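Single-letter residue listing:
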Amino acid sequence: MNLLEVTQLTKRFGGLEALGDISFSVQPGEILGIIGPNGAGKTTLFNCITGFLPFDSGSINLDGHNIQGKRPHQIVNLGLTRTWQLLKPFFGMLVIEAMMVPSFSKRTKSNLVSKKDQQEKVAEILNEMGLGKILWQEVDNLSQGELRLLDISRALVTCPKVLLLDEPFSGLSHKETENISRVIRNLNDQGLTVVIIEHRLRELMKLVQKVIVINFGQKIAEGLPEEIIQEPAVIEAYLGKRRLEIGVA
Amino acid sequence: MNLLKKIAPLTQNQSPFGLLILIAMAVYPLISDNIFHIEIIKLAAIYAIFAMSWDILTGYTHEVNFGFAFFIGGAGYLSGILSSHLPVSLFLAIPVAAMAAGVSGIFIGYVTLRLKGPYFAMATLAFASILYKLSFILYEITGGEEGISGLDAFTDDPTQDFFVVWGAMVAIYFALCLYARSKHGIILKAIRADEDATQSAGINTAYYKIEAFAISGFMAGIGGGVFAHSQMHIGPTMLSGYLSVIVVLLAMIGGMGTIVGPLLGAICLSIVNESLRIVEEYRIIIYTGLLILFIYLAPDGWINLKFIKGSRLLSFIVMGDRKPR
């Protein structure tokens, strides 16, 4: 059974078709990568799935629930949580406060009934992320890498079935990237389904089991990572077409 | 022991500075019988109610409510009309008027939900202007320009009157502190930082914003009712833009998003304003000059000054924060 199923999703901004007939599905326990050049519509796709943007036609099914027309917080409470490409940290709060926010959601409350369980969950996630030491610091003082981890931790407190990561490696150093890769792999080992958008193909390809390539709002390829990088359409989308005449001359 | 546990949230993490202000205000009338001074402190207490209830919405969500007179004057008028035209005791009229202000807070909150920044401020300003004009149009009930005079007073004695106002202020202070320190306050702060991120944490942000609006309106309604009856008069000035702006300034200079900041700001500045009456012809110039100076020197307010927030001792004294190392 598919955990997340997107069927013929179309989104237009006025005359511009940002997403055209995109279909794909995600199996439980899988890590799916979505790649594509700048402006391909990857983030728009995430915004549609998470309810931040309405879409024009098609359907999205999450574990048997049709989520068209549902509001973002309702979708989170159904078990699909996202992180942000441009970080949206809770500035002006302590790390511990920022981590309390998602624990007030309906989903966390129904999964972890007692206050103590909730606090233990928050503490467990923070320790796993390596953020245990900065619990009482202000969010304003954190580094980019820590903010990334905090963003993922925030998403995890809502006990998601599917986690959508929007460019989790952007703006990070090599070491921080490795750290986040490890975290994602651990989460997946524990049974979490992950969908990642990413630009840095090298890191992504090591992580994912299946890749979808989007260009100009169209799905141009789908398959295993090794196959995808051989695909002519994908190479063309990223590197452009070789102009044979010039090449020969 | 059990009772102590129950009231623990009221006393935990209280700002020692805030408590000191409340106690000092209560002690003054006991050691002095200068009616003039007591009247000034009473007025300061009323402005503190306004500033604190404004703060729970705007200080915590940063959506500037520029039409706060809507709640203050609206509730003041309603409670004045109820107690003067109808045989209703003022102890019933004020809560009813405050409820009405709270319900209209839900309505305005719902209507302005998607508005942000200046658009939100303009919309709230418009609501207050509508009510201001209505107070002239419906002059048969509201008394037009002159307003309604001779409202019932709480007591016959100004000092006892003061303690009624003081009691209302203390109750509102603790209620708002409790609310701000609960999960509601944390969620409002998260909305202030980023509404989308709060939604993606599974929180229905619209609900919490409207709730804050309602509570802000309700508390301001109590303040407005208390104001009307302690002055025994209600007029269109209580619906005017001047009052809205002064509430914004008092809370901003004190320090938004702290509850104790607006309390401090409102009380200090009201007392300064009234003390300047000895040089009445220059009062407005000196007073507004001071306000500008304070905003220039401490744009985030006195309480949010960097050296206070940075120091463990000062932030404990002023805010009641106890950060573990």
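Details of the structure are given in the entry above.
Small disclaimer: the values here were computed from a predicted structure and weren't measured.

Draft legend 1. Here's a closer look at the overall build of chain A. A tally of helices and strands in chain A yields eleven helices and ten strands. Here chain A has a C-alpha radius of gyration of 19 Å; the compact-globule value for 249 residues is 18 Å, and the two agree. In terms of principal-axis extent, the alpha carbons of chain A reach across some 70 × 40 × 35 Å. Across the 249 residues in chain A, those meeting the buried criterion constitute 54%. Sequence-distant contacts in chain A: of pairs separated by 6 or more residues, those separated by 24 or more amount to 68%. As displayed, chain A has an accessible area near 11500 Å², and 51% of this comes from carbon and sulfur atoms. Looking at chain A, you have 28 positive and 28 negative side-chain charges, and the mean spots of the two groups are 3 Å apart.

Draft legend 2. Representation of the packing of helix α5 (residues 115-129) of chain A against helix α6 (residues 144-157) of chain A. All names here are of chain A. Viewed as axis vectors pointing N to C, α5 and α6 meet at an angle of 145°, and their least axial separation amounts to 10 Å. As for how α5 packs across α6, the hand of that crossing is right-handed. For the pair α5 and α6, contact is made by Lys 121, Val 122, Ile 125 and Met 129 and by Leu 149, Ile 152, Ser 153, Leu 156 and Val 157, respectively. The residue inventory of the contact of α5 with α6, partitioned by class, reads seven nonpolar, one polar and one charged.

Draft legend 3. Quick look at the packing of helix α3 (residues 95-103) of chain A against α6 of chain A. All names here are of chain A. Their axes nearest at 7 Å, the elements α3 and α6 cross at an angle of 35°. When the axes of α3 and α6 are compared, the crossing they make is right-handed. Taking contact as the criterion, the partners of Val 95, Met 99, Pro 102 and Ser 103 in α3 are, on α6, Leu 150, Ser 153, Arg 154 and Val 157. Grouping the constituent residues of the contact of α3 with α6 by class yields five nonpolar, two polar and one charged.

Draft legend 4. The sheet that holds strand β10 (residues 218-223) of chain A, seen in detail. Residue and element names in this part refer to chain A. Read across the open sheet, the six strands follow the order β6-β7-β8-β3-β9-β10; overall the sheet is mixed. Each edge of the sheet is formed by a strand with only one pairing partner; in this case those strands are β6 (80-82) and β10. With direction set aside, neighbouring strand axes in the sheet form an average angle of 20°. Sitting on the sheet, helix α1 (residues 42-49) is in contact with β3 (31-35), β6, β7 (162-166), β8 (193-197) and β9 (210-215), with an inclination near 145° to β7.

Draft legend 5. Inspection of the nonpolar core at higher detail. Ranked by internal contacts, the top residues of the largest apolar core, which has 141 residues, are Ile 184 of chain A together with Met 169, Ile 259 and Leu 263 of chain B. The greatest single-element share of this core, amounting to 16 residues, is contributed by helix α4 (residues 35-61) of chain B. Not counting the four nearest positions on each side in its chain, Ile 184 of chain A is found in contact with Ile 31, Leu 165, Pro 168, Phe 169, Val 194, Ile 196 and Leu 207 of chain A. Of all hydrophobic cores here, the second largest spans 28 residues; its members include Val 6, Leu 19, Ile 34 and Phe 46 of chain A.

Draft legend 6. Examining the side chain of Arg 148 of chain A more closely. Residue and element names in this part refer to chain A. Within the secondary structure, Arg 148 sits in helix α6. With no salt bridge to any partner, buried Arg 148 finds its closest opposite charge in Asp 151, at an N-O distance of 5.2 Å. Beyond its immediate stretch of four places on either side in the chain, Arg 148 contacts Trp 84, Gln 85, Leu 87, Asp 166, Glu 167, Pro 168, Ser 170, Leu 172 and Ile 180.

Draft legend 7. Fine view of the interface of chain B and chain A. Counting residues at the interface gives 20 residues for chain B, matched by 26 residues for chain A. Taken over both partners, the interface formed by chain B and chain A buries close to 2000 Å², and the fraction arising from carbon and sulfur atoms is 64%. Its largest share of buried area at the contact with chain A, chain B owes to Ile 186, Ser 200 and Ala 201 of chain B, together 25% of the area lost on that side. Here chain B is connected to chain A by three salt bridges. The residue Lys 189 of chain B makes a salt bridge to Glu 97 of chain A at a minimum N-O spacing of 3.2 Å.

Thresholds, definitions, all that
- Residues numbered from 1 in each chain as written.
- Chains lettered and ligands numbered in written order.
- Predicted model: local features only at pLDDT ≥ 70, side-chain atom pairs only at ≥ 80, totals over all residues.
- Heavy atoms only, no water.
- Helix = DSSP H or I, 4+ residues; strand = E, 2+ residues; numbered from the N terminus.
- Rg over C-alpha atoms; globule rule 2.2 N^0.38 Å.
- Buried < 20%, exposed > 50% of the residue type's maximum accessible area, 1.4 Å probe, protein only.
- Contact = heavy atoms within 4.5 Å.
- Areas by Shrake-Rupley, 256 points an atom, 1.4 Å probe, with all protein chains shown as cover.
- Lys, Arg positive; Asp, Glu negative; His and termini not counted.
- Charge placed at Lys NZ, Arg CZ, Asp CG, Glu CD.
- Axes fitted to C-alpha atoms, helices over the stretch in contact; angles between N-to-C directions.
- Left-handed = near helix turned anticlockwise from the far one by under 90°.
- Nonpolar A, V, L, I, M, F, W, Y, C, P; charged D, E, K, R; others polar.
- Pairing = 2+ DSSP bridges.
- Core = buried A, V, L, I, M, F, W, Y, C linked by side-chain atoms within 4.5 Å.
- Salt bridge = Lys/Arg side-chain N within 4 Å of Asp/Glu carboxyl O.
- Buried area = accessible area lost by both parts, 1.4 Å probe.

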